[in-house]
Amino acid sequence: MVRFSISLCLLLACFFVRGQYAINGTIIGVQPEKILLLKTYGSKQSVIDSIRIDETGSFDFKIPVETKIGQYQILTESGVSFDWIFNNENIRFIMLHDGYDQQVQIIESEENKVYYEFVNLKRYNLLKLDIISTVIEYYPREDLFYQQAVDKALELRAEIESKAIELIGNNPTFLASHFIKASNPVFADLDLSETQRKNYLKGHYFDYVDFNDTFLINSQTLNSKIINYLSLFQDKSEDRETFDNNLLDGVDSILLKSSVNEIMYTYIIDFLIGGFE
């Protein structure tokens, strides 16, 4: 009887451990503080769990097996965030945060290794492109250095595009591929004026977003894309009526694009209403 009870306890313990996944993280550069596990719902976020980071910057969340697959976020009290993908696997990572930028290394989780291979490259290249764009905008075009800057900018853009194609092609069944495709940036020609660039992006900003892809619903990837798109229609120098009308043009454009899928269309309407409340 005693032997049976011990065996039963061991079986239940084994079942309990297998009945959950773990997300183990270490954030270097933050003090011991509260950290939240968040799920996005439209324009709002819901707290799933919360714990405190220890003195080493480490923490450990348990994820029930019934947790819905998708994109989630970890957020510290001081504002450091980490977007990650849950697809029924353990996750272990290290983040270096220096107050200005953050570098993420995924140790465990095939989904997030693929995702962050793209995220890290995109972040690094966009940072360099932001610096180079100033040179391209103000440097004399007849100077040799101007053309070198243009060539470098095109190279950095091409690296992002080729990395997205490579990772999606090598991992077509990964959830990460959905988010990589949707977050792949669209670039306007370098020789366009600011107004021309905005007009181009207004027509092409969602070129890589599949509005039939419902995996994007309730994700920071889609929400950020919508917010950034609407910013193209905002100019604070305009009067209020013109400002509002331009913003409505952006809203109408998004709704038209998302109308191909009723679920996506309903989600975006709810997201926009929540954002304007």
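Residues numbered from 1 in each chain as written. Predicted model: local features only at pLDDT ≥ 70, side-chain atom pairs only at ≥ 80, totals over all residues. Heavy atoms only, no water.

### A word on the overall build of the protein
Thinking step 1. A count of helices and strands for the protein gives eight helices and eight strands.
Thinking step 2. Going through the 277 residues of the protein one by one, you find that 39% of them count as buried.
Thinking step 3. In the protein, the share of contacts with a sequence separation of at least 24, taken over all contacts with a separation of at least 6, comes to 58%.
Thinking step 4. Accessible surface, the protein: about 16,000 Å² in total, of which carbon and sulfur atoms supply 55%.
Thinking step 5. Distance between charge centres in the protein, computed from 25 positive and 40 negative side chains, equals 5 Å. (Helix = DSSP H or I, 4+ residues; strand = E, 2+ residues; numbered from the N terminus. Buried < 20%, exposed > 50% of the residue type's maximum accessible area, 1.4 Å probe, protein only. Contact = heavy atoms within 4.5 Å. Areas by Shrake-Rupley, 256 points an atom, 1.4 Å probe, with all protein chains shown as cover. Lys, Arg positive; Asp, Glu negative; His and termini not counted. Charge placed at Lys NZ, Arg CZ, Asp CG, Glu CD.)

### Looking at the side chain of Ser258
Thinking step 1. Structurally, the position occupied by Ser258 is in helix H7 (residues 240-258).
Thinking step 2. Residues within four places of Ser258 in sequence aside, it is in contact with Phe211, Met264, Tyr265 and Ile268.

### Focus: the pattern of salt bridges
Thinking step 1. With the rule as written, the count across this model stands at eight salt bridges.
Thinking step 2. Across the pair Glu108 and Arg92 runs a salt bridge whose closest N-O atoms are separated by 3.6 Å. Of this pair, Glu108 sits in strand S8 (residues 102-108) while Arg92 sits in strand S7 (residues 91-97), placing them 16 residues apart in sequence.
Thinking step 3. Residue classification places Arg92 among the partly exposed residues on the basis of a relative accessible area of 37%.
Thinking step 4. Of the charged contacts in the structure, one is a salt bridge between Lys113 and Glu110, with a shortest N-O distance of 3.6 Å. Taken as a pair, Lys113 and Glu110 lie in helix H2 (residues 110-138) at a separation of three residues, close to a single helical turn.
Thinking step 5. Residue Lys113 is classed as partly exposed on the basis of its relative accessible area of 33%.
Thinking step 6. Residues joined by salt bridges that share partners form a network here, namely Glu117, Lys163 and Glu166. (Salt bridge = Lys/Arg side-chain N within 4 Å of Asp/Glu carboxyl O.)

### What about the nonpolar core?
Thinking step 1. In terms of nonpolar packing, the biggest core is built from 58 residues, with Ile74, Phe82, Trp84 and Ile268 touching the most fellow members.
Thinking step 2. If near-sequence neighbours (up to four positions away) are discounted, Ile74 is found in contact with Ile23, Ile35, Leu36, Leu37, Phe59, Phe61, Val80, Ser81, Phe82, Trp84 and Phe93.
Thinking step 3. Of all hydrophobic cores here, the second largest spans eight residues; its members include Leu129, Tyr146, Ala149 and Leu156. (Core = buried A, V, L, I, M, F, W, Y, C linked by side-chain atoms within 4.5 Å.)

### Some remarks on the sheet that holds S8
Thinking step 1. Within the open sheet, the four strands sit side by side as S4-S1-S7-S8. Their pairing is mixed. Both outer strands of the open sheet, strand S4 (58-64) and S8, are each paired with one neighbouring strand and no more. Averaged over all neighbouring strand pairs, the angle between strand axes comes to 20 degrees, with direction disregarded.
Thinking step 2. Taken together, the six bridges between strand S1 (residues 20-28) and S7 define a ladder with parallel strand orientation. Bridged to Ile28 within S7 is Leu96.
Thinking step 3. Each of S7 and S8 is contacted by H2, which is oriented at about 165 degrees to S8, the strand it contacts most. (Pairing = 2+ DSSP bridges. Axes fitted to C-alpha atoms, helices over the stretch in contact; angles between N-to-C directions.)

### Focus on H2
Thinking step 1. Here H2 spans 43 Å end to end across 29 residues, near enough to the 42 Å set by a 1.5 Å rise per residue.
Thinking step 2. Of the positions making up H2, those classed as buried are Glu111, Asn112, Val114, Tyr115, Tyr116, Phe118, Val119, Lys122, Asn125, Leu129, Ile132 and Ile136. (Expected span 1.5 Å × (residues − 1).)

### Observations regarding the confidence of the model for the protein
Thinking step 1. Per-residue pLDDT for the protein averages 90, and the proportion of residues at 70 or more is 92%.
Thinking step 2. In the model of the protein, helix H1 (residues 2-18) stands out as the element of lowest mean pLDDT, 47, in contrast to helix H4 (residues 175-183), which has the highest, 97.
Thinking step 3. With pLDDT under 50 throughout, residues 6-17 is counted as low confidence; its partners more than four residues away or in other chains account for zero contacts. (pLDDT = per-residue confidence, 0-100.)

### Quick notes on the pairing of strand S6 (residues 81-86)
Thinking step 1. By the bridge criterion, six bridges tie strand S5 (residues 70-76) to S6 in an arrangement that is antiparallel. Bridge assignment links Gln71 to a residue of S6, and that residue is Ile85.
Thinking step 2. With antiparallel pairing between neighbouring strands as the criterion, S5 and S6 make up a hairpin whose turn holds four residues, including Gly79 at a positive phi of roughly 100 degrees.

### Observations regarding a nonpolar patch on the surface
Thinking step 1. Residues Ile28, Ile94 and Leu96 make up a contiguous nonpolar surface patch of about 220 Å² in total accessible area.
Thinking step 2. Its place among the elements puts Leu96 in strand S7. (Patch = residues over 30% accessible without salt bridge, like charges linked within 9 Å, V, L, I, M, F, W, Y side chains within 5 Å.)

### Overview of the packing of H2 against H4
Thinking step 1. At a minimum axis separation of 8 Å, H2 and H4 run at an interaxial angle of 15 degrees. As judged from the angle between their axes, H2 and H4 are roughly parallel. For the crossing formed where H2 meets H4, the hand is right-handed. Where H2 abuts H4, its residues Glu111, Val114, Tyr115, Phe118 and Lys122 lie against Leu175, Ala176, Phe179, Ile180 and Ser183.
Thinking step 2. Residue classes in the contact of H2 with H4 are distributed as seven nonpolar, one polar and two charged. (Parallel < 35°, antiparallel > 145°, perpendicular 65-115°, else oblique. Left-handed = near helix turned anticlockwise from the far one by under 90°. Nonpolar A, V, L, I, M, F, W, Y, C, P; charged D, E, K, R; others polar.)

### Some remarks on unusual backbone geometry
Thinking step 1. Even without a glycine there, the phi angle at Asn88 is positive, about 60 degrees.
Thinking step 2. Residue placement: Asn88 occurs in the loop between S6 and S7.
Thinking step 3. Owing to a relative accessible area of 38%, Asn88 belongs among the partly exposed residues under this scheme.
Thinking step 4. Phi angles above zero are rare outside glycine, and Asn218 is one such case at about 60 degrees.
Thinking step 5. In this structure, Asn218 sits in the loop between helix H5 (194-204) and helix H6 (220-231).
Thinking step 6. Classification of Asn218 as buried rests on a relative accessible area of 16%.

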